[in-house]
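Inside the fold
The chain contents come next:
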Amino acid sequence: MTTEQPYPAAPARHSRTTTRPGPHRPAPQTPSGTPQQAPPRRKTNWPGGLGVTLGLAAAGVAFLPDWGFLAWPLAGVGLVGGIAGIVLSSQGTMRGLGVALTGTALSALAVLLCGAMALYPSMFGTARAGDLHIPPQPGEKHSVDFVVTSAGGATVRYGTLNDQRTASTPPSTDDWHGHASYSGGAPILSLTADTANAGVTNQISCQILVDGKKVAESSGSSIALCTSNVE
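In this text the structure is predicted, and so the values were computed from the model without any measurement. (Residues numbered from 1 in each chain as written. Predicted model: local features only at pLDDT ≥ 70, side-chain atom pairs only at ≥ 80, totals over all residues. Heavy atoms only, no water.)

Moving on: the sheet that holds strand β2 (residues 154-160). The strand order across the open sheet built from 4 strands is β3-β2-β5-β8, with neighbouring strands paired in antiparallel fashion. A strand with exactly one partner marks an edge of an open sheet, and here the two such strands are β3 (163-169) and β8 (223-229). Taken pair by pair, the neighbouring strands of this sheet meet at an average axis angle of 10°, ignoring direction. Looking at chain direction, β2 and strand β5 (residues 188-195) are connected through 7 bridges and run antiparallel. Looking at β5, one finds that Thr 155 is bridged to Asp 194. (Pairing = 2+ DSSP bridges. Helix = DSSP H or I, 4+ residues; strand = E, 2+ residues; numbered from the N terminus. Axes fitted to C-alpha atoms, helices over the stretch in contact; angles between N-to-C directions.)

The final tally for this structure, using the stated rule, is 3 salt bridges. Put simply, Asp 194 and Arg 157 hold a salt bridge, and the shortest N to O gap is 2.6 Å. Here Arg 157 lies in strand β2 and Asp 194 lies in strand β5, a separation of 37 residues in the sequence. When its relative accessible area of 29% is taken as the criterion, Arg 157 is described as partly exposed. (Salt bridge = Lys/Arg side-chain N within 4 Å of Asp/Glu carboxyl O. Buried < 20%, exposed > 50% of the residue type's maximum accessible area, 1.4 Å probe, protein only.)

Our focus in this paragraph is the environment of Gly 184. When you line up the elements, Gly 184 lands in the loop between β4 (172-182) and β5. The spatial distance from the C-alpha of Gly 184 to the C-alpha of Leu 132 is 9.2 Å, given a sequence separation of 52 residues.

Time to look at the packing of helix α1 (residues 46-61) against helix α3 (residues 97-119). Each packed pair of helices is defined by two parameters, the angle between the axes and the distance between the axes. The contact between α1 and α3 brings their axes to 7 Å, and the two run at 25°. As summarised for this structure, α1 and α3 are arranged roughly parallel, according to the angle between their axes. Judged by the twist between their axes, the crossing of α1 over α3 is left-handed. When α1 is examined against α3, the residues Gly 48, Gly 49, Gly 51, Val 52, Gly 55, Leu 56, Ala 58 and Ala 59 are found in contact with a partner set consisting of Val 99, Ala 100, Thr 102, Gly 103, Leu 106, Ser 107, Ala 110 and Leu 113. A per-class count over the contact of α1 with α3 returns 9 nonpolar, 7 polar and no charged. (Parallel < 35°, antiparallel > 145°, perpendicular 65-115°, else oblique. Left-handed = near helix turned anticlockwise from the far one by under 90°. Contact = heavy atoms within 4.5 Å. Nonpolar A, V, L, I, M, F, W, Y, C, P; charged D, E, K, R; others polar.)

Looking now at the packing of helix α2 (residues 71-90) against α3. It is the contact of α2 with α3, at a shortest axis distance of 8 Å, that shows an interaxial angle of 155°. One finds that α2 runs roughly antiparallel with respect to α3. The handedness of the crossing between α2 and α3 comes out as left-handed. Of α3, the residues touching α2 (which contributes Ala 71, Trp 72, Ala 75, Gly 78, Leu 79, Gly 82, Ile 83, Gly 85, Ile 86 and Ser 89) are Leu 97, Ala 100, Leu 101, Gly 103, Thr 104, Ser 107, Ala 108, Ala 110, Val 111, Cys 114 and Gly 115.

Further remarks concern α2. With 20 residues, α2 extends 29 Å between its outermost C-alpha atoms, agreeing within 8% with the 28 Å of an ideal straight helix rising 1.5 Å per residue. Buried within α2 we find Ala 71, Ala 75, Gly 78, Gly 81, Gly 82, Gly 85 and Ser 89. Summarising the axial view, the buried residues of α2 lie within an arc of 125°, below the 170-degree limit, and thus occupy one face. Every exposed residue of α2 that faces more than 90 degrees away from the buried side is listed here: Val 80 and Ser 90. Along its buried surface, α2 packs onto α1 and α3. Residue Gly 92 follows α2 closely and has a positive phi angle near 85°. (Expected span 1.5 Å × (residues − 1). Arc of directions from axis to C-beta.)

Written as structure tokens, this is what we have:
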């Protein structure tokens, strides 16, 4: 009678399965061996955006007769903002170099436009605030009448303090009139009349009227001087 050889016992199976760990990836390191940190997120280039906004605003305001003077500070601040945006972008502090370049270009063009309009206002169909036009121009807001009375005649200088015309009044009891006009600003009007013959006593009087309203009046035995800062 033969006896059966017992089979060896099967190895025990564990209910949990073990996973083989994957390869370990070390964090990026600098040449000195310290872990490399992610670069900080750069900020929006708001100075360049300010340059774009103010450059466009200055170009628009420059065409307003009574507010054109505001174009200069707007364009100036916009130019400073655009240049600051370029510097900060080149240093890596802010992003948006294109915006800063655009703001600088627009503000610089606004400065050139303001300069051209100040030197050649007729080319742009505008007048500088405070300009007085002799003879008067049609379509302007305000009219100016310079009036002189001199029975013995007089030499007359009229206009503004920095821009005057010269005329002579004949001996007459009638009033002499000089006409002008302006659109905006606050020109300083000036009228001077002195006797044509210094050896003769001559009663002279002068008046300045703006839109028919008397704004200055004076008289004298040999000279009369009228000035007015109107708005």
